[in-house]
Amino acid sequence: MSAPLPLAGLRILAFTQLGAGPYGMQVLGDLGAEVVKVEDPTSGGDEARAVPPARDGDSLYFQSFNRNTRALTLDLRTTGGRALLRRLAAVADAVYANPRGDLPAKLGLDYASLRDVNPRLVCATLTGFGRSGPRAADPAYDYLIQGLAGFMQVTGEPEHPPVRSGVAVIDFAGGLASALGLMIALLRARESGVGGDVDVSLHDVAISMLTHLATMYLHSGREPERLPGGSHPSVVPSQTFATQDGWMLVMCMKEKFWRRLCALIERPDLADHAHYADFEGRLAHRAALIAELESVFRRRPTAAWITVLQGQVPCAPVNSVGEALADPQVAHRAMVVTVDHPVFGALREVGCPIKIDDVQPVYRPAPLVGADTDSVLQSWLGLSAAEIAALRREGAV
C-alpha cells in the first residue's frame, strides 16, 4: 500500500500558462499538492489549450503540463474577481504565477498585496527576467533565453550556425527551480509564521546553469568553443561517434575508461601511444585521436558497440524519442504512465521524476477551463450556489 502523498493538504493557487510554470506545479501535484489552476474566463484560458493537436479547449500539449490540477476561472479585472482572489489567498498556502516580471504587483499576486489577509502566504513567481532590473517588463521564452544566456553559442558543430536544444531545458529547469523555491519558503513560513516573495527568473536560472563554462571564462577571459561531435571541452574522448548505422556517445571521463575502451575496441596500441597516455596528451592531440576512433566505430552498428562497451565504458546510443521511451529502464522506473482521459482515452504520458520509496504518485488528467470553479469555491470558501451564481453574473468567474 502506498503511504499518504507527502504534499497532501498543501493548497497552491497557480496562475500558470504554457510550459515552464505548469511543469513545476505538475510535479508538486503528482505528489499530492492541491494545485488550483486559475485562468481568465474571457480568453479561453491557458494558450496551451489551443496548441495542435487540440479539440474543444484541450490539447495533448496542455495535458502534458497540467496533470493533477483543478481548474478555476477568475477575472482580476473585476471588483468581485479581485476580492475573490484575496479570499482564496487567505486560505491558501501559496500563490504561484509565471507572468512578465512587472505583472505580479500590478495583478495583486505579490506578498505586499496579500500579506494582510494571510501573513504565512508564500507568493512565488517564475518570470522571464525577474521582478526587478532593466528587463523586468520584457516577455521571454525558452528559445530566446537559450540565445541570450549563451547556450546556443556553445551548441552545435563548429562550422554551422548556433542551434538551440530540441527540448525546452530552461523552461523546465525554471519550473523546477521555482517549485523548489516555493517549497523552501513554505518550510520557513511554517517555522516562523511569516511568508514572503520568491522571485525566480528563466534568465537567472539559465545563467546559473553556465556553471563551469562561466567560471572558466571569468577566470581566463576565453570564450568556450563549439567542438565537433558535441565534444567535452577538456576530456578526450567524450563525444558522439558515427557508427555503421547511426550514432553513439562514448565518455571516457576517467583514465580507467580510456584504457578499457582501447582494449574493447581492439586498439591497445592507442593506450600505449605516448601522445594518448593521459588527459593532457589526448587533449593536445585531439584531432588525430578522434580520427583514429571514428574509423573504428564506423565498422559496426550502434547496437553491436553498445553490447561490447556497456558496463565497462560509459556509452549510450543516440536514441529517437520513441527509442528513448521504449528503454527497459524507463518501464522499470515507471516513467511512462497512463491517465484516463474523457476524450483522448487511455492517454500515455511521462511520469513524475521524483521517487519516494513508499509513495505512489497520483495521475489525473488536466481539467477543462473552469471545470472545478464551483467545487473549489465551495470547498475552500464555503460559498453557496447562489453566491457563486452572483459572481458569475458579475463576470468575476
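Before reading on, note that the structure itself is shown above.
Residues numbered from 1 in each chain as written. Predicted model: local features only at pLDDT ≥ 70, side-chain atom pairs only at ≥ 80, totals over all residues. Heavy atoms only, no water.

On to the pairing of strand β12 (residues 336-341). Of the two faces of β12, the one lined by Val337, Val339 and His341 is fully buried and the one lined by Val336, Thr338 and Asp340 carries no buried residue. Sheet analysis places β12 next to strand β13 (residues 345-350), joined by six bridges and oriented antiparallel. By the bridge assignment, valine 339 is partnered in β13 with leucine 347. The hairpin formed by β12 and β13 contains three residues between the paired strands. (Buried < 20%, exposed > 50% of the residue type's maximum accessible area, 1.4 Å probe, protein only. Helix = DSSP H or I, 4+ residues; strand = E, 2+ residues; numbered from the N terminus. Pairing = 2+ DSSP bridges.)

Restricting attention to buried positions, one finds in helix α17 (residues 373-381) the residues Thr373, Val376, Leu377, Trp380 and Leu381. All buried residues of α17 fall inside an arc of 95° around its axis, so they share one side. The inward-facing, buried residues of α17 contact β1 (11-15), β2 (34-39), β5 (69-73), α3 (79-90) and α18 (385-394). Positive backbone phi, approximately 70°, marks glycine 382, located one or two places after α17. (Arc of directions from axis to C-beta. Contact = heavy atoms within 4.5 Å.)

Our next topic: the side chain of aspartate 110. Mapped onto the fold, aspartate 110 is located in the loop between α4 (103-107) and α5 (111-114). Taking the relative accessible area as the measure of exposure, aspartate 110 reaches 7% and is therefore buried. Beyond its immediate sequence surroundings of up to four residues, aspartate 110 is in contact with Pro104, Ala105, Cys123, Arg131 and Asp197.

Take the sheet that holds β1 next. The parallel open sheet is built from six strands, whose spatial order is β5-β2-β1-β6-β7-β8. Each end of this open sheet is capped by a strand with a single partner; those strands are β5 and β8 (196-201). Strand after strand, the sheet turns through a mean of 20° between neighbouring axes, direction not considered. Relative to strand β7 (residues 122-127), strand β6 (residues 94-97) is paired through four bridges, and the arrangement is parallel. Directly across from tyrosine 96, in β7, lies its bridge partner alanine 124. α17 rests against β1, β2 and β5 of the sheet, and its axis sits at about 95° to β5. (Axes fitted to C-alpha atoms, helices over the stretch in contact; angles between N-to-C directions.)

Another point: the sheet that holds strand β9 (residues 238-242). Spatially, the three strands line up as an open sheet ordered β9-β10-β11, and their pairing is antiparallel. Unpaired on one side and paired on the other, β9 and β11 (315-317) mark the two borders of the sheet. Recorded for the sheet is a direction-independent mean angle of 20° between the axes of neighbouring strands. Note that β9 and strand β10 (residues 247-251) share five bridges and pair antiparallel. The residue of β10 that forms the bridge with glutamine 239 is valine 250.

A few words on the packing of aromatic side chains. Under the definition given, this model contains five aromatic pairs. For the pair tyrosine 61 and phenylalanine 65, a centre-to-centre distance of 4.9 Å together with 55° between the ring planes defines the contact as tilted. Within this pair, tyrosine 61 and its partner phenylalanine 65 are both found in helix α2 (residues 60-65), separated by four residues, close to a single helical turn. Relative accessible area serves as the criterion here: at 31%, tyrosine 61 is assigned to the partly exposed category. Its relative accessible area of 9% is what places phenylalanine 65 among the buried residues. With a centroid separation of 5.1 Å and 75° between ring planes, the pair formed by phenylalanine 297 and tryptophan 305 is classed as edge-to-face. As far as burial versus exposure is concerned, phenylalanine 297 and tryptophan 305 are alike and both buried. Through successive ring pairs, a cluster of aromatic residues spans Tyr23, Tyr61, Phe65 and Phe172. Above the face of the tyrosine 143 ring, arginine 164 is positioned so that its terminal group lies 3.8 Å from the ring centre. Lying across the ring of tryptophan 305, arginine 300 places its NZ or CZ 4.7 Å from the centre. (Phe/Tyr/Trp six-rings, centres within 6.5 Å; stacked < 30°, edge-to-face > 60°. Lys NZ or Arg CZ within 6 Å of the ring centre and 35° of its normal.)

Before going further, it helps to examine the pattern of salt bridges. Note on pairing: side chains with opposite charge can pair once their charged atoms come close. Tallying each qualifying case throughout the model produces 18 salt bridges. Its salt-bridge partner being arginine 77, residue aspartate 40 comes within 3.0 Å of it at the nearest N-O pair. Here the residue aspartate 40 occupies a position in the loop between β2 and β3 (54-55), and arginine 77 occupies one in the loop between β5 and α3, the gap between them amounting to 37 residues. Lysine 106 is paired through a salt bridge with aspartate 102; the nearest N and O atoms lie 3.1 Å apart. Overall, the relative accessible area of 18% leaves aspartate 102 in the buried class. (Salt bridge = Lys/Arg side-chain N within 4 Å of Asp/Glu carboxyl O.)

Ile12, Met25, Leu28, Val122, Ile145 and Leu182 are the most contacted members of the largest nonpolar core, which totals 37 residues. Breaking this core down by element, the ones donating at least two residues are β1, α1 (20-30), β6, β7, α7 (169-192), β8, α8 (202-208) and β12. With six residues, α7 is the largest single contributor of residues to this core. Once residues within four sequence positions are removed from consideration, isoleucine 12 is found in contact with Met25, Leu28, Ala33, Glu34, Val35, Val36, Ala94, Tyr96, Leu182 and Trp380. (Core = buried A, V, L, I, M, F, W, Y, C linked by side-chain atoms within 4.5 Å.)

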